[in-house]
Structure formats: structure tokens, C-alpha cells
Amino acid sequence: MKQNKIVCINGESWVRNLTGIERLAIEATCFLDKMVQKGKFRLVLPKNARNIPVLENIEIVVLDTEAHFMPKWTQVHFQKYVLTHNGISLNFSNTCPFFCPGFEFIHDIYCALYPEDLKSRRDKLIYLYSTMMYRRIAKKAKAIFTVSEYTKETIVNRYGTNPDKINVVYSGVSGYKNIGTDEKIFDKLPVLKETDFYFTLGSLSTRKNLKWIVRHAELFPNEVFAVSGKPLPTAVSPELKKLPSLPNIIMTGYLTDEEVKALLKKARAFVLPTYFEGFGLPPLEALSCGCPVIVSDRTSLPEIYGKCAHYIDPDEPNVDLSELLREPVESPEKILEKYTLENTARRMLSVIEKYLG
């Protein structure tokens, strides 16, 4: 590759609501800024980007167009910029410009592996676009970044991609430790102030396996669960309807980062009964707050959390959580040192530099 190529970072994450992918994109970009030479990288943002960072070595370009319908931003505006500015794309969110794939993230290939979870008309459009992007990245990207050996294996098995082309850079927590706590959440939800509770959060989608929470809460009516998350089109509606009807389940609604952190510091444990995760970031955030974690024994979670977590079968809700929590686990100190977004950025750069010379 010619050395005058510019790495163009897709700035769509500065428009979206913050989830694990957006945090990775934003924080890893800021860490990259401290590691790269001037003139090598460029952050390409839509006009409606929010909280634009102050960067020293990565040039910021704001295009005169907004990003609302994300495929249009990536496939039209961002792609045009890359093609007309001698660029090579860097995307963090399972997408790539179709005609010029560059350095591309695949966090997981959930839509390809679980098409039965995608039922509505909108879901089917998501399935078509997502699977097209997975395949395009797997076949044509210059280098692929992913967040676990598990996801790497699924990509190789599904698409026959050369494993040497897939780089496991992991995800992590970095800025999360600087977030404060908002104790006012206990004034809004006084029952959580007065009792022990388990906590879970994330998108209320099928793979998060809320039916485990429902069934467990029915079997153990004396245990209280705080459930936070935004319903998605892929959520199973009967489960969502049943959740608020159980007296020992508290639906918290939207929570700020500060409110989440306050709940994590008080909860008996963070529970993630999901049957599919490419990495599984929320338990890592919980561990960083000193909160024990109870996670599914499926997909990437045992790889990421090792002996620092308590494990459950996502198909078996009849488990004594108090007894489970009495089992010894290792300190999370080593994995909290390993899984940071500064390390993610460093691993990414070591791959990108091979192409830039």
C-alpha cells in the first residue's frame, strides 16, 4: 500500500446513542490520537455529530450532511469521501463501505447465526443488510478486527476467511472508571434502597434471554431483580409484557451511566443470562465497580471472564443464586488490566501500521 494513504475513521458513532460499540469507537479513537503520527488518520464526521473530541494528531473533517439512516451515511457519504481522498476506511460497527472495505470490525455475526430471532419486517431488513456486510468484510476487508477468539472462529467457520486476516483486539473499559455515581436513583426507586437485588441491563432483545429472568423470578419470588434496557424490535413481546407484572421485578426504565454505576455498587450481583455474546461488556463494567457477576456459560463469555465469574446455564433458571455466589472466584484485577480500550487501540494500531509502512 502506498504510504500516502489516509486512514479515514467512520464517525457514525458520534451520532448514535452510546452502547458498547459506540464507546469502543469513541474511546479507542481518542487513544489512537495519542499514538499516531499527524497526517496518517482522519476522523470523518456527519454534520449532526455530538460531543466532537479535541484531537491533536487525528485530523477532524465534518461533512456537510447529516447521518440519520446509517446505511446511507456509510454507503454514500462516507464511502464517497474515502474514494475521493485516497483513503482507507476504518469502521467500528459491523459495516464497511461496500466498494472499498478497509480495516473493519465484526463484533459478532449474530444475525447470520440466529436468523430465527429476526421476525418483523424491520428485523428482516436488518438481517439482509447485516449479513451482506458480514460477508463483504469477511471476503474483501484488508484486515478484520474482532473482540474475541470465539467471534473469530465463527467468522472463519461461516465464511472461510483466512484466520491470519482476523485480529482479536478485544473490547474493554477505560473511561468508565471516571464516571461518578448518582445516588438519587434510590429516591426514584426506593425499593432498591431497602432491599438486596440483582441487576441486569442491556438491550431487551431476544438474545439477552429475559425469559431466564422471568422464569427464575417466578421460581424464587423472594429475590428482587432490577432490569434496565431499551426494547428493540427483536425483543420477544410476551416476555416484555410479563416482566412488569411480576412483583419481584423492577423495570427501571432508561438509566444514566451514573445511575447504572450506583446500582452496580449496591447490587448483590450483575446477571447476564444471554445465550449469545461476541464479547459481553456490561459484566466487565460491573466487575470494575466491585460487583460480582453471574453470566451465561455460552459463546464468548467463559473466554473473556475465565475464573472471575459465576456461570449459569441460560436454559436452566432453577438455580440457587445465593449458593452460587458463595463459590470462590478469582480477583478480576488481571482481566481489568487486560481489557482496556487503550489496549484495544494499541492492538489495532499494530495491525494498521503493517499496511501503512
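In case you missed it, the structure is sitting above this.
Heads up: these notes are all about the structure in this document. Model, not experiment: these values are computed from the prediction. (Residues numbered from 1 in each chain as written. Predicted model: local features only at pLDDT ≥ 70, side-chain atom pairs only at ≥ 80, totals over all residues. Heavy atoms only, no water.)

Some remarks on the packing of aromatic side chains
Right, on to step 1. Under the counting rule described, the total for this entry stands at 13 aromatic pairs.
Right, on to step 2. Ring geometry for Phe98 and Phe99: centres 5.3 Å apart, planes at 80 degrees, overall edge-to-face.
Right, on to step 3. Classification of Phe98 by relative accessible area gives partly exposed; the value is 26%.
Right, on to step 4. A relative accessible area of 62% places Phe99 in the exposed class.
Right, on to step 5. Taking 6.2 Å as the distance between ring centres and 85 degrees as the angle between the ring planes, the aromatic pair formed by Phe199 and Phe270 counts as edge-to-face. One end of the pair, Phe199, is in strand β8 (residues 198–201); the other, Phe270, is in strand β11 (residues 269–272), and 71 residues separate them in sequence. Each of the two residues, Phe199 as well as Phe270, counts as buried.
Right, on to step 6. Connected via pairs of aromatic rings, a cluster forms that spans Tyr110, Tyr114, Tyr150, Tyr275 and Phe276.
Right, on to step 7. Sitting over the face of the ring of Tyr110, Arg207 holds its NZ or CZ atom 4.4 Å from the ring centroid. (Phe/Tyr/Trp six-rings, centres within 6.5 Å; stacked < 30°, edge-to-face > 60°. Buried < 20%, exposed > 50% of the residue type's maximum accessible area, 1.4 Å probe, protein only. Helix = DSSP H or I, 4+ residues; strand = E, 2+ residues; numbered from the N terminus. Lys NZ or Arg CZ within 6 Å of the ring centre and 35° of its normal.)

Things to note about unusual backbone geometry
In terms of backbone geometry, most residues other than glycine have negative phi values and most peptide bonds are trans.
Right, on to step 1. Unlike most non-glycine residues, Tyr170 shows phi in positive territory, near 60 degrees.
Right, on to step 2. With respect to the helices, strands and loops of the structure, Tyr170 is situated in the loop between β7 (166–168) and α6 (185–188).

Some thoughts on the pairing of β11
Where a strand is regular, its side chains alternate between the two sheet faces.
Right, on to step 1. Covered by surrounding structure in β11 are Ala269 and Val271 together with Phe270 and Leu272, the residues of both alternating faces.
Right, on to step 2. Here β8 pairs with β11 via two bridges, running parallel. Counterpart to Phe199 in the pairing with β11 is Phe270.
Right, on to step 3. As paired strands, β11 and strand β12 (residues 293–296) are joined by three bridges and run parallel to one another. Counterpart to Phe270 in the pairing with β12 is Val293. (Pairing = 2+ DSSP bridges.)

Details of the nonpolar core
Right, on to step 1. Formed by 69 residues in total, the largest nonpolar core has its most connected members in Leu90 and Phe199.
Right, on to step 2. Of the residues forming this core, the biggest block, seven residues, is contributed by helix α15 (residues 341–356).
Right, on to step 3. Those residues in contact with Phe199, other than ones at most four positions away along the chain, are Ala226, Ser228, Leu255, Val260, Leu263, Leu264, Ala267, Ala269, Phe270 and Val271.
Right, on to step 4. Tyr198, Phe225, Ile294 and Leu321 belong to the second-largest nonpolar core, a separate cluster that totals 17 residues. (Core = buried A, V, L, I, M, F, W, Y, C linked by side-chain atoms within 4.5 Å. Contact = heavy atoms within 4.5 Å.)

Some details on the sheet that holds strand β13 (residues 310–312)
Right, on to step 1. Sheet architecture is open: six strands sit in the order β10-β9-β8-β11-β12-β13, paired in parallel fashion. Of all strands in the sheet, those with a lone pairing partner are β10 (249–251) and β13, marking the two edges. Each strand axis lies, on average, 25 degrees off the axis of its neighbour in the sheet, ignoring direction. (Axes fitted to C-alpha atoms, helices over the stretch in contact; angles between N-to-C directions.)

Let's talk about the state of the cysteines
Right, on to step 1. Applying the stated criterion across every chain, the model contains zero disulfides.
Right, on to step 2. Distance from the sulfur of Cys30, which forms no disulfide, to the nearest cysteine sulfur (Cys8) is 17 Å.
Right, on to step 3. You can see Cys289 has no disulfide; the closest cysteine sulfur is in Cys291, sitting 7.6 Å from it.
Right, on to step 4. Overall, Cys289 belongs to the buried group, its relative accessible area being 10%. (Disulfide = S-S within 2.5 Å.)

What about the sheet that holds β7?
Strand pairing within a sheet occurs via backbone hydrogen bonds; the two strands may be parallel or antiparallel.
Right, on to step 1. Reading across from one edge, β3-β2-β1-β4-β5-β6-β7 is the order of the seven strands in this open sheet, with parallel pairing throughout. Only two strands of the sheet have a single partner each, and these edge strands are β3 (59–62) and β7. When strand polarity is set aside, the average angle formed by the axes of neighbouring strands in this sheet is 25 degrees.
Right, on to step 2. In this structure, strand β4 (residues 87–91) lies alongside strand β5 (residues 103–105), joined through two bridges in parallel fashion. Bridging from a neighbouring strand, Leu90 pairs with Phe103 of β5.
Right, on to step 3. Against the sheet, helix α5 (residues 149–159) engages β6 (143–146) and β7, with an angle of about 165 degrees to β7.

Some points on the pattern of salt bridges
Right, on to step 1. For the coordinates displayed, the defined rule picks out 12 salt bridges.
Right, on to step 2. Across the salt bridge formed by Arg207 and Asp108, the nearest N and O atoms sit 3.3 Å from each other. One end of the pair, Arg207, is in the loop between β8 and α8 (210–219); the other, Asp108, is in the loop between β5 and α3 (110–113), and 99 residues separate them in sequence.
Right, on to step 3. The buried category is assigned to Asp108, whose relative accessible area is 10%.
Right, on to step 4. Residues Arg346 and Glu342 are paired through a salt bridge, measuring 3.2 Å at the closest nitrogen-oxygen approach. Of this pair, Arg346 and Glu342 both sit in helix α15, separated by four residues, roughly a single helical turn.
Right, on to step 5. A residue is classified by how much of its surface remains accessible, and Arg346, at 41% relative accessible area, is partly exposed.
Right, on to step 6. A single salt-bridge network, built from bridges that share partners, covers Asp297, Arg298, Asp313 and Asp315. (Salt bridge = Lys/Arg side-chain N within 4 Å of Asp/Glu carboxyl O.)

Just geometry here; none of it tells us what the structure is for.
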